[in-house]
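Chain residues, written in single-letter form:
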Amino acid sequence: MFMKKVELLSPVGNKDMLYQAVFNGCDAVYLSGNNYGARKYADNFSNQELIEAIKFCHLYGVKVYVTVNTLIYDDEVDNLVSYVEFLHRNNVDAIIMQDLGMIDLIHKTFPNLEIHASTQAHNHNEYGIKYLQDLGVKRIVLAREMSLNEINSLNTSLEKEVFVYGALCVCYSGCCLFSSLNGGRSGNRGECVGSCRLPYKIMKNNKIEEGLGEYPLSLREFNTINKLKEILDSNIDSLKIEGRMKSPFYVGYVTRLYRMLIDKYYAGEEMKLSENDYKNLKKLYNRKFTTGFLFNDKNIANIKTSNHQGIKIGSVIKTTPKYIYIKITDDSLFQEDAIRFANANKGMVVNKLYDEKKLLKSNIKKGNICLVDNKVGLKEKDIVLKTIDKKLNDELSILPKRKIKIKFSCQFLKGNKFEITVTDNTNILTKTGNIVENAIKREVTYDDIKRQLEKVGNTPFEVEKTIIKKDDNIFVNLKDINEIRRKILDELINVRENTISHPFVKNKLNISKNRASDDELKIIVSVYNEKQLLVCLANKVNTIITSNFNLYNKYKKENVYFRLPRVNMKYDEFNNEKLVVNEIGAINKYKNNNILICDYPLNVTNSYTKNLLLNDLKELTLSVEIDFNRLKNIKNYDKTILTIYTHLELMIMKYCPIKNYFGKCMGCNKNDSKYYLVDKNNNKYPIISNNCMTTILHYKTINSIDKIKEYVNLKIRRFKIDLYDEDENTTDKILKKIKMLIDDN
């Protein structure tokens, strides 16, 4: 019985990574062009480089998936479609996408092109997966927060792809606004500044408390290599390595080890790494390792540092203004290695290395004392970590060979043109040469023919088998055999490089442009408590939203909506209710028998996503990442809500930073204490914990109420405010100001 092998999918941020990934044994790579990819600051590929990369990968039987997984604005749609058409015409195997409207548009425009739903699409439950399947998606990249048991229990025919190695985001992917609102660089647009890797304190009530570390949002490096058998025993189709911003050596080595272990699994051999293999993984990159949410690992964070830790190689025993004296206790230290002093959190490259006599050396072995130049001004004794191993990198720069197995079969029959056929088990090519003659002097033997055919030299091929059918006492010019061999292998290279995964088809779509709405102006308010709700009722607010189900039940006759969570693994049954949805699974679950509106976490940034979602929703809220200039490009605002006052949810995470900061559960749900994340500028971000599902709010209130006149001039008719800790008086003032500004229009 044929067993479908799992795919090994490697990250590629530049050409060097591409070669490392392919020659170390990946089955597929994911990479990006210069736009629309969620790693904008990787080197990435020009259009010509993409063509070359696809040909190169296809030559070796490696698939290419191109990331087109950013949110798209209306003024970018035409260029995006042209770019996808370029990829499709050049035989890309699939594109990876986040934007719902673009997934729908691209599938309808290019029905043969395979689409994978990026983890940025927040793929974490069965109903959401079914929604994506109905849009034409063929594969889902599952949220890193899902456990292996949850993944195995999914009832879906879509291919399932999971991350198995690399960096972990602390926030559910596609749900993070931290970088966008603080650094002006959106994670949903591939520009993440890594806010989760910065230092923070935690404030309890009004007092900053000391914790176990200063990096409560920084997760460890994901490493499932010791759990790989359990993953391979599951029903997962593709194993994904993270790391388009890492080094080529990291990509190559991690790919090599996973390739080796996967092959051992299918061969029924013991799956085991050597101690040196594991040490090399640490040298290449680690923030300490975790098996992550996939295996419900409790040690998921490294709150002491967000830096690469490498391996410990010794200790500082003495410092002077000129030298640092190091006792080497583990491994060896080489010139051009990089080291970090753990407590001082300072790093350097060892350009010059000295022995105890201050003589220059190329390396100092374990057990000895060495000196390095004190370029970092170190004054205290410290632990020394090796973070770059020059010798290891030099070894990894020598790429292993990856050969394509081929078989030759040929006929050399007198009076006929000789015939050579080659196959790679997929393609079969045949070429003929000159007429085979009777030998007058020297006969061309079986071994002569075999030797000429198998001279594949520096080609990417390796001859697995050669079958020769020949008459006795024949003569052909051996140069002719060589020439035919070269031509047929060149043709095979060309055929493989131009493999067509999905025949190109382009549909012409008629996109309807709805007229701008003439609806009455409406105010929508999301309340945090009953006092705020009562003020809203007194001010005759059109729609009120609450996350408190008891409050909803009490007032639902007053046009109150119940706000559902952003993460749903299990759904309650609702019929004839008014619901606010925050993820596509809830839309799919409740669309047929409830009234639905959606909030800003659905990331609606263009008219296509808006029109798609309005097939199932009464109203929708635009993304908070659309600035005024982009807002003007939305084609119409029918049934569209704009958030003008909010305490933005910057992150939603399956992780409790409070617990990890203090080293114990603080019982957030059982007391009235208020917790804040405090950055280096003393900005305070409220932390809301609900059974260890944590939400971090922005430190400041986003307030564009004074721009209502401009918004109304754009024909926007629905305005939403999100309340948090406002008292009744403040709530009343906000509502009266909005009504006054609306009435002025």
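Here's a quick rundown of the structure. (Residues numbered from 1 in each chain as written. Predicted model: local features only at pLDDT ≥ 70, side-chain atom pairs only at ≥ 80, totals over all residues. Heavy atoms only, no water.)

### Topic: the sheet that holds strand β16 (residues 338-341)
One key point about sheets: their strands pair by backbone hydrogen bonds, in either a parallel or an antiparallel sense. Spatially, the 7 strands line up as an open sheet ordered β17-β16-β21-β13-β14-β20-β18, and their pairing is antiparallel. Among the strands making up the open sheet, the edge pair consists of β17 (346-349) and β18 (353-354). As paired elements, β16 and β17 share 4 bridges and run antiparallel to each other. Considered in β17, the bridge of arginine 340 is made with glycine 347. (Pairing = 2+ DSSP bridges. Helix = DSSP H or I, 4+ residues; strand = E, 2+ residues; numbered from the N terminus.)

### As for the pattern of salt bridges
In the structure shown here, the tally under the stated rule is 52 salt bridges. The residue glutamate 483 makes a salt bridge to arginine 486 at a minimum N-O spacing of 2.8 Å. Note that glutamate 483 and arginine 486 are positioned in helix α13 (residues 478-497) at a spacing of 3 residues, about one turn of the helix. Between aspartate 722 and lysine 720 there is a salt bridge, with the nearest N and O atoms lying 2.8 Å from each other. No difference in accessibility class separates aspartate 722 from lysine 720, as the two residues are buried. Beyond isolated ion pairs, a larger network of salt bridges with shared partners links Lys4, Glu7, Arg139, Glu159, Glu161, Asp237 and Lys240. (Salt bridge = Lys/Arg side-chain N within 4 Å of Asp/Glu carboxyl O. Buried < 20%, exposed > 50% of the residue type's maximum accessible area, 1.4 Å probe, protein only.)

### Some thoughts on helix α1 (residues 15-23)
Residues of α1 that are buried: Met17, Leu18, Gln20, Ala21, Val22 and Phe23. Looking at the packing, one finds that the buried side of α1 touches β1 (7-11), β2 (28-31), α2 (47-59), α9 (248-267) and α11 (390-396). The opening residue of α1, the one whose side-chain oxygen lies 3.2 Å from the backbone nitrogen of aspartate 16, is asparagine 14. (Contact = heavy atoms within 4.5 Å. Polar contact = N/O pair within 3.5 Å; in protein donor to acceptor, adjacent residues only side chain to side chain.)

### Details of the sheet that holds strand β36 (residues 675-678)
The strand order across the open sheet built from 6 strands is β9-β8-β36-β37-β38-β35, with neighbouring strands paired in antiparallel fashion. Sheet topology places β9 (207-209) and β35 (649-653) at the edges, where each strand pairs with a single neighbour. Taking each pair of neighbouring strands and ignoring which way they run, the sheet shows an average axis angle of 30 degrees. Direction of pairing for strand β8 (residues 201-204) relative to β9: antiparallel, over a ladder of 3 bridges. The residue bridging isoleucine 202 from the neighbouring strand is glutamate 209, located in β9. (Axes fitted to C-alpha atoms, helices over the stretch in contact; angles between N-to-C directions.)

### Considerations on the packing of aromatic side chains
This structure, assessed with the given rule, holds 29 aromatic pairs. Measuring from centroid to centroid gives 6.5 Å for phenylalanine 662 and tyrosine 675, while their planes differ by 65 degrees, and the two rings are edge-to-face. One end of the pair, phenylalanine 662, is in helix α19 (residues 657-662); the other, tyrosine 675, is in strand β36, with 13 residues separating them in the sequence. Three or more aromatic residues joined by ring pairs form one cluster here, namely Tyr127, Phe549, Tyr552, Phe562, Tyr571, Phe574 and Tyr590. (Phe/Tyr/Trp six-rings, centres within 6.5 Å; stacked < 30°, edge-to-face > 60°.)

### Notes on the pairing of strand β32 (residues 595-598)
With 4 bridges connecting them, strand β31 (residues 578-581) and β32 associate as parallel partners. Bridge assignment links lysine 578 to a residue of β32, and that residue is isoleucine 595. In the classification by handedness, the crossover that spans β31, the intervening helix α16 (residues 584-590) and the parallel β32 is right-handed. Here β32 pairs with strand β33 (residues 619-621) via 2 bridges, running parallel. Bridged to isoleucine 597 within β33 is glutamate 619. Note on the crossover from β32 through helix α17 (residues 607-613) to β33: the handedness is right-handed. (Right-handed = clockwise from strand over helix to strand, strands pointing away.)

### Regarding the nonpolar core
If you look at soluble globular proteins, the nonpolar side chains tend to sit buried side by side. Counting 209 residues, the largest nonpolar core has Val29, Leu31, Ile95, Leu217 and Leu239 as its most contacted members. By residue number, the principal contributor to this core is α9, which donates 9 residues. Not counting chain neighbours up to four residues away, the residues in contact with leucine 31 comprise Val12, Leu18, Phe45, Leu50, Ala53, Val64, Tyr65, Val66, Thr67 and Arg244. Within the second largest apolar cluster, 17 residues are counted, among which are Ile313, Val316, Ile339 and Val384. (Core = buried A, V, L, I, M, F, W, Y, C linked by side-chain atoms within 4.5 Å.)

### Description of unusual backbone geometry
One non-glycine residue with positive phi stands out, namely histidine 122, at about 65 degrees. Along the polypeptide, histidine 122 turns up in the loop between β5 (115-117) and α5 (126-134). Residue asparagine 603 is not a glycine yet carries a positive backbone phi of 55 degrees. Residue position: asparagine 603 is located in the loop between β32 and α17.

### Quick notes on a positive patch on the surface
Side chains of Lys318, Lys322, Lys352 and Lys358 sit close together on the surface and give a patch of like positive charge. By relative accessible area, which is 44% here, lysine 318 ends up partly exposed. (Patch = residues over 30% accessible without salt bridge, like charges linked within 9 Å, V, L, I, M, F, W, Y side chains within 5 Å. Areas by Shrake-Rupley, 256 points an atom, 1.4 Å probe, with all protein chains shown as cover. Lys, Arg positive; Asp, Glu negative; His and termini not counted. Charge placed at Lys NZ, Arg CZ, Asp CG, Glu CD.)

### Concerning the environment of leucine 212
In this structure, leucine 212 sits in the loop between β9 and β10 (221-223). Residue leucine 212 is classed as partly exposed on the basis of its relative accessible area of 47%. Sequence separation between leucine 212 and asparagine 91 is 121 residues; the distance between their C-alpha atoms is 51 Å. Those residues in contact with leucine 212 that lie beyond four places of it in its chain are Ile303, Lys304, Asn660, Tyr661, Phe662 and Gly663.

### Describing the packing of α2 against α13
For the pair α2 and α13, interaxial distance at closest approach is 7 Å and the crossing angle is 115 degrees. In terms of crossing hand, the pair formed by α2 and α13 is right-handed. Contact with α2, carried on its side by Ile54, Lys55, His58 and Leu59, involves Ile493, Arg496 and Glu497 of α13 and no other residues of that element. Here the residues of the contact of α2 with α13 are counted per class, giving 3 nonpolar, 1 polar and 3 charged. (Left-handed = near helix turned anticlockwise from the far one by under 90°. Nonpolar A, V, L, I, M, F, W, Y, C, P; charged D, E, K, R; others polar.)

Honestly, it's all geometry; don't read function into it.
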